[in-house]
Amino acid sequence: MVTAFCGTVIGCRGEVVESTRIAPADSAAANFVTGHWERPIAPQGLPPDGWAPITADLSPQACATCHPAQFSDWEATLHAHAYSPGLEGQLVAWFESSPASVAQCMVCHGPLSEQLRQVEGPSGSYVQNTEYDADLERGGVVCAACHVRAWQRHGPPRRDGTTTAAPAGTPHAGAIRNPAFESSQFCGACHQFETPAPNGKSLENTLREWEATDFAARGTTCQGCHMPDRRHLWRGIHDPEMTRSGVTPEWRVEGDPSSGKFEVRLALTNTGTGHHFPTYVTPAVDLEITFVSADGDTLTTRRRTLQREVYFDGSKWIEREDDRIPAGETRALKWTGAAPSGATRVVGRVIVRPDAFYGAMFTGLVPRTPTDSPARPILEEALARAKESPYVLFGWDRELDTEG
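Residues numbered from 1 in each chain as written. Predicted model: local features only at pLDDT ≥ 70, side-chain atom pairs only at ≥ 80, totals over all residues. Heavy atoms only, no water.

K.L.:
How do you make sense of the sheet that holds strand 6 (residues 152–155) when you look at a structure like this?
P.N.:
Think of a sheet as strands paired side by side through backbone hydrogen bonds, with each pair either parallel or antiparallel. Here we have 3 strands laid out as an open sheet, ordered 5-6-7, and mixed in their pairing. Two strands in the sheet have a free side with no partner beyond their single neighbour: strand 5 (148–149) and strand 7 (176–177). Pairing geometry for strand 5 and strand 6, over 2 bridges, is antiparallel. In the strand pairing of strand 6, Val148 is matched with Arg153. (Pairing = 2+ DSSP bridges. Helix = DSSP H or I, 4+ residues; strand = E, 2+ residues; numbered from the N terminus.)

Next comes the structure, spelled out in structure tokens:
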């Protein structure tokens, strides 16, 4: 079974199970967002007469001419790499056989019409896209995906809060400025699905998780954490520093290791993440308590995995378990009772596996992909990246007083 968490479920024969995006709550920001993110985003069409070529260029490199700081931030983000080997490896076999599947994934991974190789024609069948730009496709979530509609630029209010029109002669006629760009609903266009929703929670449920927190109540938006000072960083679970800022660890070793009252406790509290930790269904976070001998041998390890574990049974998504941490709550792992015989140290670790689902998926998918398939080397690269992504978020190493 091959699955794609991009709003579409794609089966082993390429069949498509539709997934709809969320309809935000009724508000000025949400109403703007609904129209702004109507997908697929309509083709830009012909640029206005007299525009310089650089202003009629949708590439991020063109934007960088006047916005180098924003480009520099964006270039290192997952938005810039949304057209990843993991995505491409899954889609490469479907470009011709199931273009609807490709289009469904690309609504978030490459939202512009100009990023689509094929588009839906008048009869409902897919035809070659005359506006297709291969370089733009591989750009992922490019600047224009958020900021350009029919060649008109759009963006947030200026830093002083004003939204007045730009002076005449400003490149690309300035931008139409709307506070909706600073709302969490704007991010929810891609980071919140409506269906499928196993166990009543959509596969991508970040906006709804945020709405239930104090962050939403006090007006701390997605941008407030993920775009500080308007930086186009979008740091998340792949970034250790960002991840550490969202949780508070506890590591406690108490009592005589030879006693039945000996206890080791490792806990995480979601103190600064404005949604569940971790959000979405792809990452996993392991709490581990390991006892080690004087020779450095591992004697035993106890583990608790914080993850929303789901699977596709051939017709629908099933939630097997959800042990993530809602905002403000705690998850703990404990060892109670005497330490294992021969243990001289106890080690605690919090390990983040940002691509846990994909690692498991590609592990199964690569061997089933023919060696002469163009998808094979792409999927092998995706698997290698998934294997390289885990990191230790917190770690402790405590010697045991084995003499009582």
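Let us keep going from here.
K.L.:
Explain the confidence of the model for the protein to me, please; I cannot follow it from the model alone.
P.N.:
Summing up the model confidence of the protein, the mean pLDDT is 91 and the portion of residues at 70 or higher is 93%. With pLDDT under 50 throughout, residues 1–24 is counted as low confidence; its partners more than four residues away or in other chains account for 87 contacts. (pLDDT = per-residue confidence, 0-100. Contact = heavy atoms within 4.5 Å.)

K.L.:
Is there a simple way to explain the packing of helix 14 (residues 356–368) against helix 15 (residues 375–388) in this structure?
P.N.:
A pair of packed helices can be characterised by two numbers: the angle between their axes and the separation between those axes. It is at 9 Å that the axes of helix 14 and helix 15 come closest, and there the two elements cross at 150 degrees. Relative to helix 15, the element helix 14 is oriented roughly antiparallel. Crossing angle aside, the handedness with which helix 14 passes helix 15 is left-handed. Across the interface between the two elements, Gly359, Phe362, Thr363, Leu365, Val366 and Pro367 from helix 14 touch Arg376, Leu379, Glu380, Ala382, Leu383 and Ala386 from helix 15. (Axes fitted to C-alpha atoms, helices over the stretch in contact; angles between N-to-C directions. Parallel < 35°, antiparallel > 145°, perpendicular 65-115°, else oblique. Left-handed = near helix turned anticlockwise from the far one by under 90°.)

K.L.:
Explanation requested: the nonpolar core in the structure shown.
P.N.:
Soluble globular proteins: nonpolar side chains tend toward being buried together. Of all hydrophobic cores here, the largest spans 26 residues; its most connected members are Phe262, Val264, Leu268, Ile289, Phe291, Val346 and Val350. Elements that contribute at least two residues to this core include exactly strand 8 (248–254), strand 9 (263–269), strand 10 (284–293), strand 14 (330–336), strand 15 (343–353) and strand 16 (391–399). With residues up to four places along the chain from it excluded, the contact list for Val350 reads Leu266, Leu268, Val285, Asp286, Leu287, Tyr391, Val392, Leu393, Phe394 and Trp396. Ala82, Leu112, Ala144 and Cys146 belong to the second largest nonpolar core, which has 23 residues in total. (Core = buried A, V, L, I, M, F, W, Y, C linked by side-chain atoms within 4.5 Å. Buried < 20%, exposed > 50% of the residue type's maximum accessible area, 1.4 Å probe, protein only.)

K.L.:
Help me understand the environment of Thr305, please; the structure alone is not making it clear to me.
P.N.:
When you line up the elements, Thr305 lands in strand 11 (residues 298–306). Take Thr305: its relative accessible area is 26%, and that puts it in the partly exposed class. Considered as a pair, Thr305 and Thr279 are 26 residues apart in the sequence and their alpha carbons are 14 Å apart. Within polar-contact distance, the side chain of Thr305 engages the side chain of Asp286 at 2.7 Å. (Polar contact = N/O pair within 3.5 Å; in protein donor to acceptor, adjacent residues only side chain to side chain.)

K.L.:
For this particular structure, what's the right way to read the pairing of strand 6?
P.N.:
Regular strands place side chains that alternate from one sheet face to the opposite one. Hairpin connection from strand 5 to strand 6: 2 residues lie between these consecutive antiparallel strands, with Ala150 at a positive phi of about 50 degrees. As paired strands, strand 6 and strand 7 are joined by 2 bridges and run parallel to one another. Looking across to strand 7, one finds that His154 is bridged to Ile176.

K.L.:
Explanation requested: helix 1 (residues 28–36) in the structure shown.
P.N.:
One full turn of an α-helix is made of 3.6 residues, so residues set three or four places apart face in the same direction. Along helix 1, the positions that sit buried rather than exposed are Ala30, Phe32, Val33 and His36. Down the axis of helix 1, the smallest arc covering the buried residues is 160 degrees, so these residues share one side. Close packing links the buried residues of helix 1 with helix 8 (143–147), strand 5, strand 6 and helix 9 (184–191). (Arc of directions from axis to C-beta.)

K.L.:
Please clarify how the packing of aromatic side chains should be interpreted in this entry.
P.N.:
Each pair of aromatic rings is reported with the distance of its centres and the angle of its planes. For the structure on display, the rule yields 11 aromatic pairs. Between Tyr358 and Phe362, the ring centres sit 6.0 Å apart and the planes meet at 20 degrees, which makes this aromatic pair stacked. Here Phe362 and Tyr358 lie together in helix 14, a separation of 4 residues that amounts to about one turn. Judged by relative accessible area, Phe362 falls into the buried class, the value being 3%. With a centroid separation of 6.2 Å and 25 degrees between ring planes, the pair formed by Phe394 and Trp396 is classed as stacked. An aromatic cluster is defined as three or more aromatic residues linked by ring pairs; in this entry it consists of Phe32, Trp37, Phe181 and Phe186. Lying over the aromatic face of Phe215, Arg218 brings its terminal NZ or CZ to 4.4 Å of the ring centre. (Phe/Tyr/Trp six-rings, centres within 6.5 Å; stacked < 30°, edge-to-face > 60°. Lys NZ or Arg CZ within 6 Å of the ring centre and 35° of its normal.)

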